[in-house]
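Below are the chains, spelled out letter by letter.
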Amino acid sequence: MSAPLAPHCLIGDETVTTARTLPVHDPSTGEETGRIARGAGDEIDRAVRAAEGARAGLWGGLDAAERGAIMGDIASAIRARAGELAVAEAHDVGKPLKQARADALACARYFEFYGGAADKLHGQTIPFRRGYTVMTLREPHGVTGHIVPWNYPMQIIGRSVGAALAMGNACVVKPGEDASQTALMLGRIAIEAGLPAGAMNVVPGLGQEAGAALSGHPGIRHVSFTGSTVTGADVQQAAAGRAAPVTLELGGKSPQVVFADADLDAALPFLAMAAVQNAGQTCSAGSRVLIEEAVYDEVTARLAEHFAGLTVGKAIDDPDVGPLINARQRRKVGDFLDCGATVLARAPLPDDLPEGGHYVAPTLFGDVRPDDALAREEVFGPVLACLKFTTETEAVAMANATPYGLVAGVWTRDGGRQLRMAHALEAGQVFINNYGAGGGVELPFGGVKLSGHGREKGFEALYGFSTLKTVAIMHG
Ligand code: NDP
């Protein structure tokens, strides 16, 4: 196993150590494998100044196409080191190796996509009064803050830092306390690939210290946050005092709706995968399946067979389902597992799992009622709740009956129903006869209601990571 990096922050192109450090644990074994820097206000301040320096210096002076070319080189460098990044991620966050590698490749793809887009977002000219020429300019915010959780560190850095850099911002990243290794590696890879010092800084530490210092820093002109609803509200409040825009991506309780006319052979692998990928620790997890009565028994029986066959193990052994991130998350998921609902299937936990690992058995629940916690609350574990409906109207009501609205999936062959459902569902993304669209770097992503606001991914993110200036010239 590769040893975790020595504790440090990446500020400018310097390796900055901190007086205090935090332990790093491998979720597959519970063993302490190293330590990370415990950055706080001072390091955040230093990182913001390094980023401002980059904006005023080399990075800010580049043409958009030059920025894009560097980002293309970063993408190639990430791709070349995807295996190494995957191993580090597997040990750091317990993500099964293939899924960790897919994250590294998705991160590379974000840098490639946004590098290609850097010189393609144009302003407009506006027909105004005679004697005027009016135009709009797309400009960077300046220094942007990126508060990243532990569940998809590489993908979230790719999608938010990639878009921010493409627009000419300089970034300060606060990774999850449990997930700093690949953030630091990516920062170093970017510098080695040609990113000017200070354009991307990484300060590990605690949320209440480094995270709060970042969201409250007067030099941070935009905050991108992914995580829990409660912390998201704190971050938004911290930024509100200086009217800094915030993008909040706060998770969900996403429904997958299966009608009786669906192609069940096509749907089944998606239904299960959307719930258990990354041990269910996915903001867009399809964590409840609403099934039309006529096929409820068939769908649940087939799902039960699938769940019973899932493999659980150490991330580095690449099972279907790895451990949860930490003991706290295991306790939280454990409470849902003990809720007394009908268990349709539970994957077996092998006897030789390391005792200190944070494992839970992937579990399929049936006959869940719409007002049960399992149907309304984000579990963030490998748990799928099955609910029954009888009409399309009831399916829509059930799908929309949670405080969240991130993603929804619909399985039906009826074209009219596909469109009606797409309009009726309260979600930022609706997938018809698929779920997740294979990651979809190009597809705008974000939520409504408690799932947050603002959009990342796709071209749409570039609007969020830039500001619009209107220039009116009166020339007679
Ligand atoms: P948090 O929302 O607390 O953490 C997300 C990020 O915010 C981390 O980098 C965290 O740092 C940081 N943070 C924490 N407190 C503050 C603060 N006061 N100011 C600024 N930043 C802060 O999520 P948790 O890790 O505690 O997970 C709890 C639950 O949140 C999960 O069970 C899940 O339901 C949900 N969640 C949703 C995610 C999503 O993808 N939408 C991702 C992660 C969690 P640190 O890690 O150091 O605390």
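Residues numbered from 1 in each chain as written. Predicted model: local features only at pLDDT ≥ 70, side-chain atom pairs only at ≥ 80, totals over all residues. Heavy atoms only, no water.

1. Quick word on helix 2 (residues 64–80)
(1) Moving on: Here helix 2 spans 25 Å end to end across 17 residues, near enough to the 24 Å set by a 1.5 Å rise per residue.
(2) Moving on: Every buried residue belonging to helix 2 is among Arg67, Gly68, Ile70, Met71, Ile74, Ala75 and Ile78, and all of these are buried. Take helix 2 and look down its axis: the buried residues cluster within an arc of 160°, on one side only.
(3) Moving on: For helix 2, the secondary structure elements touched by its buried residues are helix 3 (82–93), helix 4 (97–117), helix 5 (153–166) and helix 6 (181–192). (Helix = DSSP H or I, 4+ residues; strand = E, 2+ residues; numbered from the N terminus. Expected span 1.5 Å × (residues − 1). Buried < 20%, exposed > 50% of the residue type's maximum accessible area, 1.4 Å probe, protein only. Arc of directions from axis to C-beta. Contact = heavy atoms within 4.5 Å.)

2. Description of the packing of helix 9 (residues 264–276) against helix 10 (residues 293–308)
When two helices pack together, you describe them by how their axes are tilted relative to each other and by the distance separating the axes.
(1) Moving on: The contact between helix 9 and helix 10 brings their axes to 10 Å, and the two run at 55°. Here helix 9 is positioned oblique relative to helix 10, judged by the angle of their axes. Seen from above, helix 9 lies across helix 10 with right-handed handedness. Where helix 9 approaches helix 10, its residues Leu264, Asp265, Leu268, Leu271, Ala272 and Val276 are matched on the opposing element by Val295, Glu298, Val299, Arg302, Leu303, His306 and Phe307.
(2) Moving on: Split by residue class, the contact of helix 9 with helix 10 holds 9 nonpolar, 1 polar and 3 charged. (Axes fitted to C-alpha atoms, helices over the stretch in contact; angles between N-to-C directions. Parallel < 35°, antiparallel > 145°, perpendicular 65-115°, else oblique. Left-handed = near helix turned anticlockwise from the far one by under 90°. Nonpolar A, V, L, I, M, F, W, Y, C, P; charged D, E, K, R; others polar.)

3. Considering the packing of aromatic side chains
(1) Moving on: Per the stated rule, a full pass over the model turns up 7 aromatic pairs.
(2) Moving on: Taking 5.0 Å as the distance between ring centres and 80° as the angle between the ring planes, the aromatic pair formed by Phe113 and Tyr114 counts as edge-to-face. Of the two residues, Phe113 and Tyr114, both sit in the buried class.
(3) Moving on: On the numbers, 5.0 Å between centres and 85° between planes, the contact of Phe128 with Tyr132 is edge-to-face.
(4) Moving on: On the accessibility criterion, Phe128 (47% relative accessible area) is partly exposed.
(5) Moving on: The exposure class assigned to Tyr132 is partly exposed, which follows from its relative accessible area of 26%.
(6) Moving on: One aromatic cluster is present, built from ring pairs that chain together Tyr110, Phe113 and Tyr114.
(7) Moving on: In this structure, Lys95 is placed above the aromatic ring of Tyr152, and the distance from its NZ or CZ to the ring centre is 3.6 Å.
(8) Moving on: Sitting over the face of the ring of Phe445, Lys457 holds its NZ or CZ atom 5.1 Å from the ring centroid. (Phe/Tyr/Trp six-rings, centres within 6.5 Å; stacked < 30°, edge-to-face > 60°. Lys NZ or Arg CZ within 6 Å of the ring centre and 35° of its normal.)

4. A closer look at the site of the ligand
(1) Moving on: Close to the ligand lie 29 residues, the nearest being Val148, Trp150, Ser228, Lys332 and Glu378.
(2) Moving on: Contact between the ligand and Gly251: a nitrogen atom at 3.2 Å from a main-chain N or O atom of the residue.
(3) Moving on: Protein burial of the ligand: of its 850 Å² of free accessible surface, 90% is covered by the chains.
(4) Moving on: Taking a 2 Å distance to the grid points as the criterion, the majority of the atoms of the ligand fall inside the largest pocket.
(5) Moving on: Taken together, the elements giving at least two residues each to the shell around the ligand come down to helix 7 (207–215), strand 10 (222–226), helix 8 (229–240) and helix 11 (327–337). (Near = heavy atom within 4 Å. Polar contact = N/O pair within 3.5 Å; in protein donor to acceptor, adjacent residues only side chain to side chain. Areas by Shrake-Rupley, 256 points an atom, 1.4 Å probe, with all protein chains shown as cover. 1 Å grid on protein atoms, 1.4 Å probe; cavity = no way out; pocket = protein on both sides within 12 Å on 5 of 7 lines; lining within 4 Å. Sits in = over half its atoms within 2 Å of the grid points.)

5. So, the layout of surface pockets
(1) Moving on: Considering only enclosed or pocket space, the largest pocket measures out at about 990 Å³ in volume.
(2) Moving on: If you trace the largest pocket, you find 34 residues lining it, with Trp150, Gly227, Ser228, Thr231 and Arg328 closest to the centre.
(3) Moving on: When contributions to the lining of the largest pocket are tallied by element, the ones reaching two or more residues are helix 7, strand 10, helix 8 and helix 11.
(4) Moving on: Of the residues belonging to the lining of the largest pocket, the class tally is 12 nonpolar, 14 polar and 8 charged.
(5) Moving on: Roughly 620 Å³ of volume is contained in the second largest pocket.
(6) Moving on: Taken together, 28 residues make up the lining of the second largest pocket; nearest its centre are Gln155, Gln277, Ser284, Gly436 and Gly439.
(7) Moving on: The residue inventory of the lining of the second largest pocket, partitioned by class, reads 14 nonpolar, 10 polar and 4 charged. (Points joined across faces, edges and corners; volume = space filled by probe spheres on them.)

6. Here we look at the sheet that holds strand 20 (residues 466–474)
(1) Moving on: Strand order in this open sheet of 3 strands is 5-6-20, and the pairing throughout is antiparallel. The outermost strands of the open sheet, each flanked by one partner alone, are strand 5 (125–126) and strand 20.
(2) Moving on: Bridge count between strand 5 and strand 6 (residues 132–140): 2 bridges; the pairing is antiparallel. Each bridged residue has a counterpart across the sheet, and for Thr125 the counterpart in strand 6 is Met135. (Pairing = 2+ DSSP bridges.)

7. Quick look at the environment of Glu394
(1) Moving on: Its place among the elements puts Glu394 in helix 13 (residues 392–399).
(2) Moving on: With a relative accessible area of 32%, Glu394 lands in the partly exposed category.
(3) Moving on: In the structure, Glu394 is positioned 234 residues away from Ser160 in sequence and 37 Å away in space, judged by C-alpha atoms.
(4) Moving on: In terms of polar contacts, Glu394 uses its side chain to reach the backbone amide nitrogen of Thr390, at 2.7 Å.

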